[in-house]
Amino acid sequence: MKRAWLVSLCLVQIPWLITGAPAVAAVFELPADGTDVIGEDEHVQSKYEDTLLEIAHRHSLGYEEILRANPKVDMWLPGEGTDILLPGRRILPPGPREGIVINLPEHRLYYFPKPKRGAKRLVYTYPVSIGRMDWRSPLGETTVIGKERHPNWYPPESVRREHAANGDPLPKVVPPGPNNPLGDYKMRLAVGNGTYEIHGTNNPVAVGLAVTHGCIRMYPEDVADLFPRVSIGTKVWLLNEPVKVTYVDGELYVEAHPPVDNEGQTVEPDLALLSQKLESLLGDKIVAIHWDFAREALAAATGMPTLVGLEANFDPTAPAPPPAPAPPPEPASASAPAAAPAAAATASAPPPATP
């Protein structure tokens, strides 16, 4: 009996836009005003035969994305008519708006194609899985150095030994087909001496997870959509940014994701470290932050933009406003109580987080 190996070495997925089938790539125009927010959240009603993972696949979402947005919904039996939140609003990751940008904690890939003359700039976004590996050196900028349709899979010796120890031996070469965990498309990156790849999968359910082995894995439909758009030499940025911030019309939004460790595995949010990250991202900007809301967003790490403050419209070069006219003197016979002292306006550092 043939066995489908579910080991994945890299990343592939494509969102589907047709009801009942996976959606092909969520595509957005980059905001003309330069803001960093794209997309909208949506709601759907589940059907009795649905699982949360099937709903995620239909709407171009990964495993962790839909679970964090719907923490009280049963993953396998959401039930007939259950309201499901589809988290589609996102803050674009920091960095250049070109090539491929993969934010590991977000489990999401962004592709910024070169704009055609006179056309609006676009961004394609796909959910991905990241494999367990040492990400300390791959982080940063690299390029696509190879592309292959219907690739063979050559299991590393470490993977073959692991499978042999579990009584599930692997051959030296797995040909293209349903047993091949690379799927139908593979793009090789320069980083790691060419050992890191973006590819498809024969196990779409796990897209959006940190899997046992692998690089960057996508839904089969997504990688089929991305593959022809990307040329050899395309720049790729690998980021580890669990916290993203931006302003929209003077309002401060925070989007927090559970951090990943050096092997690409999701770990519990460290509230103190995330708070420090938020403060460093804000820099010298003068912002009125509701720190209870901010810490709640950082601790929950739902991956959805959350309003936490307002940017102060402070211009030190602006002239001071004229003094208010003095009130008329009270009649001598009037007996007035003593005035309460005015409250001093003070600037304070953010309150310490409660243990």
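Below is a summary of the structure that appears in this document. (Residues numbered from 1 in each chain as written. Predicted model: local features only at pLDDT ≥ 70, side-chain atom pairs only at ≥ 80, totals over all residues. Heavy atoms only, no water.)

## Some points on the sheet that holds strand 16 (residues 251–256)
Spatially, the 4 strands line up as an open sheet ordered 15-16-18-17, and their pairing is antiparallel. The open sheet is flanked by strand 15 (243–248) and strand 17 (287–289), the only strands paired with a single partner. Strand-to-strand twist across the sheet, computed as the mean angle between neighbouring axes with direction ignored, equals 30°. Strand contacts of helix 6 (residues 291–300): strand 15, strand 16, strand 17 and strand 18 (306–311), with the helix running at about 145° to strand 18, the strand carrying the most contacts. (Pairing = 2+ DSSP bridges. Helix = DSSP H or I, 4+ residues; strand = E, 2+ residues; numbered from the N terminus. Axes fitted to C-alpha atoms, helices over the stretch in contact; angles between N-to-C directions. Contact = heavy atoms within 4.5 Å.)

## With respect to a nonpolar patch on the surface
Side chains of Trp-76, Leu-77 and Val-205 sit close together on the surface and give an oily, nonpolar patch of about 360 Å² of accessible area. Residue Val-205 is classed as partly exposed on the basis of its relative accessible area of 48%. (Patch = residues over 30% accessible without salt bridge, like charges linked within 9 Å, V, L, I, M, F, W, Y side chains within 5 Å. Areas by Shrake-Rupley, 256 points an atom, 1.4 Å probe, with all protein chains shown as cover. Salt bridge = Lys/Arg side-chain N within 4 Å of Asp/Glu carboxyl O. Buried < 20%, exposed > 50% of the residue type's maximum accessible area, 1.4 Å probe, protein only.)

## Notes on the nonpolar core
Ranked by size, the top nonpolar core spans 27 residues in total, and within it Ile-100, Ile-102, Leu-109, Met-187, Ile-198, Met-218 and Leu-226 carry the most contacts. Looking at which element gives the most residues to this core, the answer is strand 8 (residues 122–131), with 4 residues. Core analysis: the next-biggest nonpolar cluster, separate from the first, contains 13 residues, Tyr-247, Trp-291, Ala-294 and Val-308 among them. (Core = buried A, V, L, I, M, F, W, Y, C linked by side-chain atoms within 4.5 Å.)

## So, the pairing of strand 7 (residues 108–112)
Counting buried positions along strand 7 yields 5 of 5 residues, so the element is predominantly enclosed. Burial along strand 7 is two-sided: Arg-108, Tyr-110 and Phe-112 and Leu-109 and Tyr-111, pointing in opposite directions, are all buried. Direction of pairing for strand 6 (residues 99–103) relative to strand 7: antiparallel, over a ladder of 5 bridges. By the bridge assignment, Ile-100 is partnered in strand 7 with Tyr-111. Counting the residues between successive antiparallel strands, the hairpin from strand 6 to strand 7 contains 4 residues, one of them, His-107, with a positive phi of roughly 50°. Two elements, strand 7 and strand 8, share 4 bridges in a ladder whose sense is antiparallel. Residue pairing across strands places Arg-108 opposite Pro-127, the latter belonging to strand 8.

## With respect to the packing of aromatic side chains
Counted according to the given criterion, the structure contains 2 aromatic pairs. A ring pair is formed by Tyr-111 and Tyr-124, whose centres lie 6.1 Å apart and whose planes are at 45°; its orientation type is tilted. Note that Tyr-111 is positioned in strand 7 and Tyr-124 in strand 8, a separation of 13 residues in sequence. For the ring pair Tyr-185 and Phe-227, a centre distance of 4.9 Å and an interplane angle of 50° mean the geometry is tilted. Of this pair, Tyr-185 sits in strand 10 (residues 185–189) while Phe-227 sits in the loop between helix 4 (220–226) and strand 14 (235–239), and the two are 42 residues apart along the sequence. The exposure class assigned to Phe-227 is buried, which follows from its relative accessible area of 5%. (Phe/Tyr/Trp six-rings, centres within 6.5 Å; stacked < 30°, edge-to-face > 60°.)

## Concerning the pattern of salt bridges
A side chain of one charge can pair with a side chain of the opposite charge when the charged atoms of the two come close. Here the structure, examined in full by the defined rule, presents 12 salt bridges. Close ionic contact of Glu-65 with Arg-90 constitutes a salt bridge, the shortest N to O distance being 3.2 Å. Of this pair, Glu-65 sits in helix 2 (residues 63–69) while Arg-90 sits in strand 5 (residues 90–91), and the two are 25 residues apart along the sequence. Take Glu-65 and Arg-90: they sit in the same class, and that class is buried. A salt bridge links Lys-244 to Glu-106, with the shortest nitrogen-to-oxygen separation between them at 2.9 Å. Linking Lys-244 in strand 15 with Glu-106 in the loop between strand 6 and strand 7, this pair joins segments that are 138 residues apart in sequence. The same class applies to Lys-244 and to Glu-106, which are both buried.

## Examining helix 6
Within the span of helix 6, buried status applies to Trp-291, Ala-294, Arg-295, Ala-297 and Leu-298. Down the axis of helix 6, the smallest arc covering the buried residues is 160°, so these residues share one side. Exposed residues lying more than 90 degrees from the buried face of helix 6 are Asp-292 and Glu-296. Looking one or two residues past helix 6, Ala-301 carries a phi angle of roughly 45°, positive in sign. (Arc of directions from axis to C-beta.)

## Considerations on the environment of Thr-35
Within the secondary structure, Thr-35 is located in the loop between strand 1 (26–29) and strand 2 (37–38). For Thr-35 and Ile-91, which are 56 residues apart along the polypeptide, the C-alpha to C-alpha distance reads 8.9 Å. Looking at Thr-35, its side chain comes within polar contact range of the side chain of Asp-33, at 2.8 Å. (Polar contact = N/O pair within 3.5 Å; in protein donor to acceptor, adjacent residues only side chain to side chain.)

## Digging into the side chain of Arg-68
Relative to the elements of secondary structure, Arg-68 occurs in helix 2. Beyond its immediate sequence surroundings of up to four residues, Arg-68 is in contact with His-257, Pro-258, Ala-301, Thr-302 and Gly-303.

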